[in-house]
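Here's the letter readout for the chains.
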Amino acid sequence: MKTNILTAAFVVSLTAAFAQQPAKNKYQQYLPIIEKGTLVQKDSLANVLMSELKMYKSEEDYRTTINVLRSLGKEDLQASAEALAKKKYPKGSLTRDAFITDVFYNASTPVQKEKAYNELIKKWPVKNFSEEPLTYDYVLANLAQSFANDGNAPKALHYLGEMKERFWRGNGYIPVGQILLSEGDTTTAAPLLKTAMDDSYYYLTLPESQKDNKARFAAMGYASSMSAYVNILVAQKKYADALGYIENALKAAPEQADGLAMVHYKSLMGTGRKLEAYNILTKLYAKGQFAIENDLKKLYTELNGSIQGYENFNASLKTELTQNIRNHIKEMATFKPAPNFELLNIKGEKVSLASLKGKVVVLDFWATWCQPCVRSFPGMKAAQESYANDKDVQFLFMNTWERDKNYKENVVSFITKNNYPFEVLYDDQKDPQTGEVMAAKFGVKGIPAKFIIDKEGNIRYFLTGSTPNVDYIKLEMKELIEAAKKPYKG
């Protein structure tokens, strides 16, 4: 009990010290406990925050406390705090956000969504939240996509036109444009995609001193919007126009070359610049884009007059790729004992790391809502299947950070629907001392996160991020696993 009293006193003193801090700063002040505190300290902080709720004088104070409780894993207390905030501020942003989540996003038809949107702007007018236009832009983009999917282009265009944030509107324009393209409506789609492209280019070419986070975010979408628009030009056989846009883009942002490679290749072929097109295909193949092999082989034969020498050329490209991967994985190398775990799989069976000693273990932390995680799964499936007969290798897919209460049913449905032969574990067991799940113990800050653990239980490699490139993932996993099979040399 003495420890508990001291801990509570520490938390009380901490909250008192920062009681007068702006709400946005308070969260940062609690990070030491959120990230490294014991379970007792976390419980004490949560209880102190709950005791202060009725004294709060702004909705922002409530929001900060709710975020802290969420980070502490106190879902029940979080729900109580949210209920109090909504009662006190029925026209506030928390109540509005709940309406968007529970009513708007759950509407099943465009008409129902439109009705919910009209109710939203009536009860929570945009003018009352002038600092949060992006919240409404998210809703408008979703509503526009819903109408586009329903074949109602005029309605889709109307709601896209209501969006306010230029830096973000491409996230509404591009999906709608792609939907319209899939329906054969190029005339309506092209201006949307061009607008998104032009917006991204504007932010991309700003002077560095003017590039804030919004500008950098907008610039990131340049390759996708450019590819979508230029593909229209290519389909219309306007190759010179397409090439003009691409070459202008590559001058402004050479780092976008990979994202624009395929449409660049098509444009070069359309203008008869086959040698340059061939060089682009060669670079793509050397980066693991093996799906283009037929085009590469055909162009090689055309430029060289025969197929002679192609196999050696192909082998040299794969050798180059393998060496590049080996150089890359050196950056992921580490060496430390992996935290032990014993978690339940989707069959309800216990699986522990200790029971897998003597095997190389590939851990992949993921969630059903994580699109980068999902994008990498076809590649991870191919990698796992390539080791199907190797009893010394085990793949484990650690489902973590799920947001829905019925997450277990969602996980089973997702795995079954996609026919993934994965051994999935639920990362939902909190440490009795710290309240942490295994993702936190492994130091995971974002997902997907993959760990390669050697036969002695040591983490040898750690990597984040993803790619949809199946062949590249398969090759990368092979290099990581085979390297982990070898004794550590320091």
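Residue positions are given per chain, counted from 1 along the sequence in the order it is written. Residues qualify for local features only when their pLDDT is at least 70, as the model is predicted, and side-chain atom pairs are given and counted only at 80 or more; totals for whole chains, interfaces and linings, by contrast, use all residues. Computation of side-chain values: all heavy atoms of the structure, hydrogens and water removed.

Enquirer: I'd like a description of the confidence of the model for the chain, backed by residues and values.
Expert: Known as pLDDT, the predictor's confidence for each residue is given on a scale from 0 to 100. Mean pLDDT over the chain: 90, with 95% of residues reaching 70 or higher. Whether two residues touch is decided by their heavy atoms; if any such pair falls within 4.5 Å, the residues are in contact. Ignoring residues within four places in sequence, the model shows residues 1-21, a span with pLDDT below 50, making 24 contacts including any to other chains.

Enquirer: Which residues make up the sheet that holds strand β1 (residues 333-337), and what are the values?
Expert: In this description, strands pair whenever DSSP reports at least two bridges between them. Strands here are runs of E lasting at least two residues and helices are runs of H or I lasting at least four, both read from the DSSP assignment and numbered beginning at the N terminus. One open sheet holds the 6 strands; their spatial order is β1-β8-β7-β4-β5-β6, and the pairing between them is mixed. Both edges of this open sheet fall to β1 and β6 (424-426), since each of them pairs with a single strand only. Between one strand and the next, the sheet's axes are offset by a mean angle of 30°, whatever the strand orientation. Bridge analysis of strand β4 (residues 360-366) against strand β5 (residues 393-399) gives 7 bridges, and the strand direction is parallel. Each residue of the ladder has a partner; that of Val361, found in β5, is Gln394. Note on definitions: angles span 0 to 180 degrees between N-to-C directions of axes, and those axes are lines fitted to C-alpha atoms, for helices only across the stretch in contact. Sheet contacts for helix α22 (residues 470-485): β4, β5, β7 (449-453) and β8 (458-464); angle to β8, the most-contacted strand, approximately 165°.

Enquirer: Could you give an account of the environment of Ser306, naming the residues involved and the relevant values?
Expert: Its place among the elements puts Ser306 in the loop between α17 (293-304) and α18 (310-329). Separated by 275 residues in the primary sequence, Ser306 and Leu31 place their C-alpha atoms 65 Å from one another. For Ser306, the residues in contact, after removing those within four places along its chain, are Tyr300 and Thr301.

Enquirer: Before we move on, can you summarise the pairing of β5 with the specific residues and values?
Expert: Here is the key point about a regular strand: its side chains alternate between the two faces of the sheet. We call a residue buried when its accessible area falls under 20% of the maximum for its residue type, exposed when it is over 50%, and partly exposed in between, using a 1.4 Å probe and counting protein chains only. The element β5 is largely enclosed, with a buried count of 6 among its 7 residues. The handedness of a crossover follows from its direction of travel: if, with the strands pointing away from the viewer, the path from the first strand over the helix to the second runs clockwise, the crossover is right-handed. Between β4 and its parallel partner β5, the chain crosses via helix α19 (residues 371-386), and the hand of that crossover is right-handed. Running through helix α20 (residues 407-417), the crossover from β5 to the neighbouring parallel element β6 is right-handed.

Enquirer: Tell me what's going on with the layout of surface pockets, and back it up with residues and numbers.
Expert: Each cavity reported here is a set of points on a 1 Å grid over the protein atoms alone in which a 1.4 Å probe fits but cannot get out, each pocket an open set with protein on both sides within 12 Å along at least five of seven lines, and each lining residue one with an atom within 4 Å of a point. Grid points are joined across faces, edges and corners, and a volume is the space filled by probe spheres set on the points. Of the pockets and cavities examined, the largest pocket occupies roughly 2,500 Å³. Every residue lining the largest pocket is counted, 47 residues in all, and those nearest its centre are Arg70, Gln78, Trp401, Glu402 and Arg403. Each residue gets one label: Ala, Val, Leu, Ile, Met, Phe, Trp, Tyr, Cys and Pro are nonpolar, Asp, Glu, Lys and Arg are charged, and the others, such as Gly, are polar. By residue class, the composition of the lining of the largest pocket is 17 nonpolar, 10 polar and 20 charged. In this structure, the second largest pocket spans a volume of roughly 560 Å³. Lining the second largest pocket are 26 residues, with Lys287, Gln289, Thr467, Asn469 and Tyr472 positioned closest to its centre. Elements supplying a minimum of two residues to the lining of the second largest pocket: α15 (257-270), α16 (274-286), α18, β8 and α22.

Enquirer: Give me the lowdown on the nonpolar core, citing residues and values where you can.
Expert: The nonpolar side chains of a soluble globular protein tend to be buried, and buried together. Here, the term nonpolar core denotes a set of buried Ala, Val, Leu, Ile, Met, Phe, Trp, Tyr and Cys residues that are joined through side-chain atoms within 4.5 Å. With 75 residues, the main nonpolar core has Phe341, Leu363, Phe365, Phe442 and Met477 as its most contacted residues. With residues up to four places along the chain from it excluded, the contact list for Phe442 reads Ala338, Pro339, Phe341, Leu363, Phe365, Phe451, Ile453 and Ile459. Core analysis: the next-biggest nonpolar cluster, separate from the first, contains 55 residues, Val139, Leu160, Tyr173 and Val263 among them.

Enquirer: So what's going on with the pattern of salt bridges? Residues and values would help.
Expert: A pairing counts as a salt bridge when a side-chain nitrogen of Lys or Arg comes within 4 Å of a carboxyl oxygen of Asp or Glu. Scanning the model with the defined rule gives 25 salt bridges in all. The salt bridge involving Glu302 is made with Lys274; its shortest N-O contact spans 2.3 Å. Of this pair, Glu302 sits in helix α17 while Lys274 is found in helix α16, placing the two residues 28 residues apart along the sequence. Given the relative accessible area of 29%, Lys274 is considered partly exposed. Connected through salt bridges with shared partners, the residues Arg63, Arg96, Asp97 and Glu132 form a single ionic network.

Enquirer: Lay out the packing of helix α4 (residues 59-72) against helix α6 (residues 93-104) with the relevant residues and their values.
Expert: Any two packed helices are characterised by how steeply their axes cross, that is the angle between the axes, and by the distance between the axes. Remark: α4 packs on α6, axes separated minimally by 10 Å, with the N-to-C direction vectors making an angle of 55°. Our classification of the angle between α4 and α6 gives oblique. Residue-level inspection shows Glu59, Tyr62, Arg63 and Ile66 of α4 in contact with α6, the latter providing Ser93, Leu94, Thr95 and Asp97. Residue composition of the contact of α4 with α6, grouped by class: 3 nonpolar, 2 polar and 3 charged. An angle counts as roughly parallel when it lies under 35 degrees, as roughly antiparallel when it exceeds 145, as roughly perpendicular when it falls between 65 and 115, and as oblique in every other case.

Enquirer: So what about the state of the cysteines? Which residues, and what values?
Expert: Cysteine sulfur atoms that pair up within 2.5 Å are treated as a disulfide. In this structure the tally under the stated criterion is 1 disulfide. Between the sulfur atoms of Cys370 and its disulfide mate Cys373 the distance is 2.3 Å. Disulfide Cys370-Cys373: torsion about the S-S bond near 80°, hence right-handed. Side by side, Cys370 and Cys373 carry an identical accessibility label, which is buried.

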